[in-house]
Amino acid sequence: MNTRRFEGFPVVAYDLSEYESVLKPFCDWIISEEGQEYTLGEDYESGRKNIWEQEIPVLKLMAAVFDMHCLQFLNEEHPDFKGKQAEYILKKDAWLTTPSTKQHIRIHTHLPPFIREEDVGELITVFYVHLDSSINRENGAFELYRSPEETPAHVWVPKQFSLLLMPPNVWHRARPFTGRRYSLATDIKIITA
């Protein structure tokens with residue numbers, strides 16, 4: 001499996017394209033009219049459905065692949081969990097970012113004031129559901145920052161089926177873009193089983 005690490009950051013991108021037959025039905029569904037009800041709304045929105053709590057058949061296979069890589073990242077890469085080899089329960093909250101969503105193009109972390117204190121988790125993921133051919137280094141790339149006042153330390157162009165994992169305190173954003181770019185972002189609270 002192709003894995004991308006970002007020097008100086010506890011961030012890993014896994015290329016999950018070898019699981020395309022399992023992931024594609026989910027990707028097609030989440031960008032359909034039915035799936036887009038999970039799109040990120042305004043900051044601090046309430047009453048939104050959590051896709052991970054839904055009984056959706058195409059989600060079950062996708063969740064198995066997703067959870068396997070989250071647990072691998074915790075055990076091998078995450079600064080707070082690396083090497084502990086514990087069993088974890090992943091309490092996930094996710095939202096779909098779309099071409100009309102704007103929060104993910106600002107430089108941010110997944111800590112207050114960007115999210116509510118009660119929503120803070122220990123692991124953040126971004127799964128790239130769909131990227132059209134216009135997405136490139138200058139249009140929709142993922143950027144990592146040491147602080148919001150600096151230029152990006154890393155600029156990375158994801159592709160469909162990439163899964164990005166990092167702790168919540170990492171400064172990042174999606175470079176502003178035109179075209180069709182959909183990703184599923186998830187905040188995960190880690191509970192020791």
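What this report covers is the structure whose coordinates are included nearby.

With respect to the sheet that holds strand β4 (residues 123–131)
Within a sheet, neighbouring strands are paired by backbone hydrogen bonds and run either parallel or antiparallel to one another.
At step 1: If you trace the six strands from one edge of the open sheet to the other, you get β1-β2-β7-β4-β9-β3, paired in antiparallel fashion. Lying at the two open borders of the sheet, with one neighbouring strand each, are β1 (3–5) and β3 (88–97). Averaged over all pairs of adjacent strands, the angle between strand axes in this sheet comes to 20°, irrespective of strand direction.
At step 2: Sheet topology places β4 next to strand β7 (residues 162–166); four bridges connect them, and they run antiparallel. Across the sheet, the residue bridging to valine 126 is leucine 164, located in β7.

Quick look at helix α1 (residues 20–30)
At step 1: Residues of α1 that are buried include every one of Leu23, Phe26, Cys27, Trp29 and Ile30, and no others. In an axial view of α1, the angular spread of the buried residues amounts to 165°, which keeps them on one side of the axis.
At step 2: The secondary structure elements touched by the buried residues of α1 are α2 (57–76), β3, β4 and β9 (181–192).

Remarks on the side chain of histidine 172
At step 1: Considering the arrangement of structural elements, one finds histidine 172 in strand β8 (residues 171–174).
At step 2: A distance of 3.4 Å separates polar atoms of two side chains, one belonging to histidine 172 and the other to histidine 110.
At step 3: One polar contact links the side chain of histidine 172 to the main-chain carbonyl oxygen of valine 170, over a distance of 2.9 Å.
At step 4: Setting aside residues no more than four positions away along its own chain, histidine 172 makes contact with Arg106, Ile107, His108, Thr109, His110, Phe142, Glu143, Leu144, Tyr145 and Met166.

What to know about the side chain of threonine 125
At step 1: Along the chain, the position of threonine 125 falls in strand β4.
At step 2: With near-sequence residues (within four places) excluded, threonine 125 lies in contact with Phe66, Cys70, Leu163, Leu164, Leu165, Leu184, Ala185, Thr186 and Ile188.

Details of the pairing of β9
At step 1: Buried residues dominate β9, accounting for nine of its twelve residues.
At step 2: Where β3 and β9 come together, ten bridges link them in antiparallel fashion. By the bridge assignment for β9, isoleucine 89 is matched with isoleucine 191.
At step 3: Relative to β9, β4 is paired through eight bridges, and the arrangement is antiparallel. Within β9, the position partnered with valine 126 by the bridge is alanine 185.

Considerations on the nonpolar core
At step 1: The biggest cluster of nonpolar side chains holds 36 residues, and the ones touching the most others in it are Phe26, Ile30, Ile51, Trp52, Phe127 and Leu184.
At step 2: Elements represented by at least two residues in this core include exactly β2 (12–15), α1, α2, β3, β4, β7 and β9.
At step 3: The element best represented in this core is α2, accounting for eight residues.
At step 4: In contact with tryptophan 52, other than residues within four places in its own chain, are Leu59, Met62, Ala63, Phe66, Lys92, Asp93, Ala94, Leu184 and Thr186.

Parameters and conventions
Residues numbered from 1 in each chain as written. Predicted model: local features only at pLDDT ≥ 70, side-chain atom pairs only at ≥ 80, totals over all residues. Heavy atoms only, no water. Pairing = 2+ DSSP bridges. Helix = DSSP H or I, 4+ residues; strand = E, 2+ residues; numbered from the N terminus. Axes fitted to C-alpha atoms, helices over the stretch in contact; angles between N-to-C directions. Buried < 20%, exposed > 50% of the residue type's maximum accessible area, 1.4 Å probe, protein only. Arc of directions from axis to C-beta. Contact = heavy atoms within 4.5 Å. Polar contact = N/O pair within 3.5 Å; in protein donor to acceptor, adjacent residues only side chain to side chain. Core = buried A, V, L, I, M, F, W, Y, C linked by side-chain atoms within 4.5 Å.

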